[in-house]
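# Report on the structure
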Amino acid sequence: MKILVTGKEGQLGQSLHKVISASAKIDNDDGSNEFTFVGRKELDLSNDSNINHYFNSNNKFDIIINCAAYTAVDKAEEEPELANQINHLAVKQLAEAANRQKSKLIHISTDYVFDGESSNPYTEVDETNPINVYGKTKLAGEETLQEIMPTNAIIIRTSWVYSEYSNNFVKTILRLGKEKDEINVVSDQIGSPTYATDLAEAILTIINNKDYKNKERPTKIYHYSNEGEISWYDFAKEIFKLARIECQINPISSSEYITKAKRPVYTVMRVSKINNIQSNNWKKSLIGIQSLI
Ligand SMILES: NC(=O)c1ccc[n+]([C@@H]2O[C@H](COP(=O)([O-])OP(=O)(O)OC[C@H]3O[C@@H](n4cnc5c(N)ncnc54)[C@H](OP(=O)(O)O)[C@@H]3O)[C@@H](O)[C@H]2O)c1
């Protein structure tokens, strides 16, 4: 099987590369899956003709995994057209290319498609109502994908992603904790942290399932995060505790931390069991990353 992965420089792209390399060594993979990882240089999603040109000038893929996205939540408020191009219009084109090639498409979306007004974990069928440009463009991407590919696609909504790679909350908090004696962290936004390696493993489980390869199924949305819920403030406290960093953390409210984009207050999602595999609790995954902590 030929598998294309976009967003190779991102957190999920790099995590997928890591778990695929590890599983090839562990399982003595015979190389029947051939992965092509592409970044902005090889496949720039900000330009329609690039996308068409890429698919016209490469061999057909059996699966496309779209890990690329415009993820700068605040900057998206200033660049709504670019965010829309990458998170929505490029997804439309990827879906059209997948249809032409008869390939399957796995696309990643976000908890920010919800408005955060709920007090219970969101399910896949709960009403969406994004409150910032990033969330709106990601929802538009989901909708266009479902329209163009009523079958053969999977949308995985995830949340609060961190990893050893790129920039993320865990790395920022560790850096600040080493630099400062005291920091303020928002305590009234609740969500579920997700270790990108866990999500990458879930994706690998999906594509390695024989039924997935061989059967045509209706397009479906899954929610996948680590289990459990926490505020950014409590998450930061836990990171310092594990890393044995002595730094005072003060809880502050969202109204005291003004950002360009509004953030939903509560975005915990009820986690779907993908191929009956239970997601890790967030704390178990965080403790597991010795290289970070
Ligand atoms: N990070 C989170 O907390 C979070 C939360 C919920 C959902 N998600 C979703 O999870 C998925 C993976 O996120 P992530 O954390 O891995 O994001 P990330 O680290 O920001 O990676 C996104 C990748 O997309 C690439 N990209 C951006 N614009 C591009 C363009 N014009 N052409 C080609 N590639 C482009 C970036 O390339 P460069 O490296 O060249 O910039 C980057 O490598 C995304 O769909 C995201 O919306 C993330």
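Residues numbered from 1 in each chain as written. Predicted model: local features only at pLDDT ≥ 70, side-chain atom pairs only at ≥ 80, totals over all residues. Heavy atoms only, no water.

## Things to note about the environment of Trp282
Structurally, the position occupied by Trp282 is in helix α9 (residues 282-288). In this view, Trp282 contacts Tyr162, Pro193, Asn226, Glu227, Gly228, Glu229, Ile230, Phe235 and Glu238; residues no more than four positions away in its chain are not counted. (Helix = DSSP H or I, 4+ residues; strand = E, 2+ residues; numbered from the N terminus. Contact = heavy atoms within 4.5 Å.)

## Observations concerning the side chain of Thr158
Within the secondary structure, Thr158 sits in strand β5 (residues 153-158). Thr158 gets classed as buried once you look at its relative accessible area, which sits at 6%. There is a polar contact of 2.8 Å between the side chain of Thr158 and the backbone oxygen of Tyr224. Look past the residues within four positions of Thr158 in its chain and what remains in contact with it is Ile108, Ser109, Thr110, Asp111, Thr194, Leu199, Tyr224, Ser225 and Met269. (Buried < 20%, exposed > 50% of the residue type's maximum accessible area, 1.4 Å probe, protein only. Polar contact = N/O pair within 3.5 Å; in protein donor to acceptor, adjacent residues only side chain to side chain.)

## Topic: the packing of aromatic side chains
A complete count under the given rule lists twelve aromatic pairs for this structure. Following the ring pairs from residue to residue traces out a cluster consisting of Trp160, Tyr162, Phe169, Tyr195, Trp232, Phe235 and Trp282. Residue placement shows Lys104 over the ring face of Tyr212; its charged tip is 5.4 Å from the ring centre. (Phe/Tyr/Trp six-rings, centres within 6.5 Å; stacked < 30°, edge-to-face > 60°. Lys NZ or Arg CZ within 6 Å of the ring centre and 35° of its normal.)

## Notes on the site of the ligand
Taken together, 24 residues are adjacent to the ligand, and Leu12, Arg40, Thr71, Tyr134 and Lys138 come closest. One nitrogen or oxygen atom from the side chain of Asp44 is found 3.0 Å from a nitrogen atom belonging to the ligand. Relative to its unbound accessible area of 900 Å², the ligand is 83% covered by the protein chains. Listed by contribution, the elements that provide at least two residues to the shell around the ligand are α1 (11-26), β4 (104-110) and α4 (133-148). (Near = heavy atom within 4 Å. Areas by Shrake-Rupley, 256 points an atom, 1.4 Å probe, with all protein chains shown as cover.)

## Regarding the packing of helix α5 (residues 169-179) against helix α8 (residues 232-243)
With their axes 10 Å apart at the nearest point, α5 and α8 run at an angle of 60° to one another. Of the possible angle classes, the one that applies to α5 and α8 is oblique. Handedness of the α5/α8 crossing: right-handed. Residues Phe169, Val170, Ile173, Leu174 and Gly177 of α5 pack against Trp232, Phe235, Ala236, Ile239, Phe240 and Ala243 of α8. Here the contact of α5 with α8 is composed, by residue class, of ten nonpolar, one polar and no charged. (Axes fitted to C-alpha atoms, helices over the stretch in contact; angles between N-to-C directions. Parallel < 35°, antiparallel > 145°, perpendicular 65-115°, else oblique. Left-handed = near helix turned anticlockwise from the far one by under 90°. Nonpolar A, V, L, I, M, F, W, Y, C, P; charged D, E, K, R; others polar.)

## Digging into the packing of helix α2 (residues 48-56) against helix α3 (residues 80-101)
Here α2 crosses α3 at 25°, and the two axes come no closer than 10 Å. Looking at the two axes, α2 sits roughly parallel to α3. Considering only the axes of α2 and α3, their crossing is right-handed. Listed contacts from α3 to Asp48, Ile51, Asn52 and Phe55 of α2 are Gln85, Ala90, Gln93, Leu94, Ala97, Arg100 and Gln101. Considering only residue class, the contact of α2 with α3 consists of five nonpolar, four polar and two charged.

Fair warning: the whole summary comes from geometry, so function is off the table for now.
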